[in-house]
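Coordinate analysis (summary)
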Amino acid sequence: VAATASAVAAAGGRAVPAENLHVTLEFLGAVPTERVDAAIAAARSVPVPDGTERFDRLVAWGRGGPLVLEPRVPGRVLAEFRQALHIALLAAGFALESRAFRPHITLARRPARRPATLAIPPLDWPFRAFALVDSEPGPGGPRYAVAARFPA
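Residues numbered from 1 in each chain as written. Predicted model: local features only at pLDDT ≥ 70, side-chain atom pairs only at ≥ 80, totals over all residues. Heavy atoms only, no water.

Our next topic: helix 2 (residues 36-44). Those residues of helix 2 lying buried are Ala39, Ile40, Ala42 and Ala43. An end-on view of helix 2 places all buried positions within 165 degrees of arc, on one side of the element. The exposed residues of helix 2 that point more than 90 degrees off its buried face are Asp37 and Arg44. Its buried side turned inward, helix 2 meets helix 3 (76-91), strand 7 (130-136) and strand 8 (143-150). (Buried < 20%, exposed > 50% of the residue type's maximum accessible area, 1.4 Å probe, protein only. Helix = DSSP H or I, 4+ residues; strand = E, 2+ residues; numbered from the N terminus. Arc of directions from axis to C-beta. Contact = heavy atoms within 4.5 Å.)

Right, here's the structure in full:
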């Protein structure tokens with residue numbers, strides 16, 4: 001948050017609260033209550049590696065798209081883990097997005113302008129766990145509730 005505060009302020013738009021910063025591994029969309037256990041079982045079947053992803057590039061995605069932090073060179077460990085999770089969820093019968101995985105942290109939504117400078121110090125984000133998160137839309141942006149953590 002501190003490293004990107006000036007760029008987020010310069011961009012305008014709606015800053016993502018610090019407690020909502022995350023990296024989405026897989027978007028499941030609306031999951032019926034009776035299918036949540038299947039998502040949890042699929043996620044539990046994938047061992048979580050101990051790794052770090054370096055986020056070192058601030059990017060405004062397209063016209064009016066979000067301001068995000070992403071790696072210049074995506075790491076192999078996170079990509080392989082995400083692919084294993086993707087395969088487990090497909091095997092459990094979930095319909096998933098087909099676009100390529102692009103790890104990122106959304107910092108601001110609907111920025112009014114592109115910041116003049118997008119340089120930031122690198123951020124090494126360690127990962128040893130992940131979560132199944134329920135997202136509910138709200139007036140100030142989505143509210144997140146953790147449904148399960150892995151490993152438990």
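Here we take up the nonpolar core. Among the nonpolar cores identified, the biggest contains 19 residues, and Leu85, Leu89, Phe130, Leu132 and Phe150 are the most heavily contacted of them. Element by element, the count of residues in this core is highest for helix 3, at five residues. Every residue in contact with Leu132, bar those within four places of it in the chain, is listed here: Leu28, Val36, Ala39, Ile40, Ala145, Val146, Ala147, Ala148 and Phe150. Membership of the second largest hydrophobic core comes to 12 residues, among which are Ala7, Val8, Leu69 and Ala108. (Core = buried A, V, L, I, M, F, W, Y, C linked by side-chain atoms within 4.5 Å.)

So, about the pattern of salt bridges. If charged atoms from side chains of opposite charge come close, those side chains can pair. Across all of its chains, the model carries seven salt bridges by this definition. For the salt bridge of Arg76 with Glu80, the shortest nitrogen-to-oxygen distance reads 3.0 Å. With a gap of four residues between them, Arg76 and Glu80 both fall in helix 3, about one helical turn apart. When its relative accessible area of 46% is taken as the criterion, Glu80 is described as partly exposed. Salt bridges sharing common partners tie together Arg57, Glu70 and Arg102. (Salt bridge = Lys/Arg side-chain N within 4 Å of Asp/Glu carboxyl O.)

Across the junction of Phe150 and Pro151, the peptide omega takes the value -10 degrees, indicating a cis bond. By secondary structure assignment, the location of Pro151 is in the segment after strand 8. With a phi close to 50 degrees, Arg110 is a non-glycine residue in the positive phi region. Residue classification places Arg110 among the exposed positions, given a relative accessible area of 60%.

We now examine the environment of Pro111. When you line up the elements, Pro111 lands in the loop between strand 5 (105-109) and strand 6 (123-127). It is 6.8 Å that separates the C-alpha atoms of Pro111 and Leu67, two residues lying 44 residues apart in sequence. With near-sequence residues (within four places) excluded, Pro111 lies in contact with Ala11, Gly12, Gly13, Gly64, Gly65, Pro66 and Leu67.

On to the packing of aromatic side chains, then. Inspection of the entire model under this criterion finds three aromatic pairs. Look at Phe81 and Phe130: their rings are 5.2 Å apart centre to centre, the planes differ by 70 degrees, and that puts the pair in the edge-to-face class. In this pair, Phe81 is assigned in helix 3 and Phe130 in strand 7, connecting sequence segments 49 residues apart. Pair check on accessibility: Phe81 and Phe130 agree, each one buried. Through successive ring pairs, a cluster of aromatic residues spans Phe81, Phe130 and Phe150. The lysine or arginine in question, Arg35, covers the ring of Phe94, its NZ or CZ lying 4.3 Å from the ring centre. (Phe/Tyr/Trp six-rings, centres within 6.5 Å; stacked < 30°, edge-to-face > 60°. Lys NZ or Arg CZ within 6 Å of the ring centre and 35° of its normal.)

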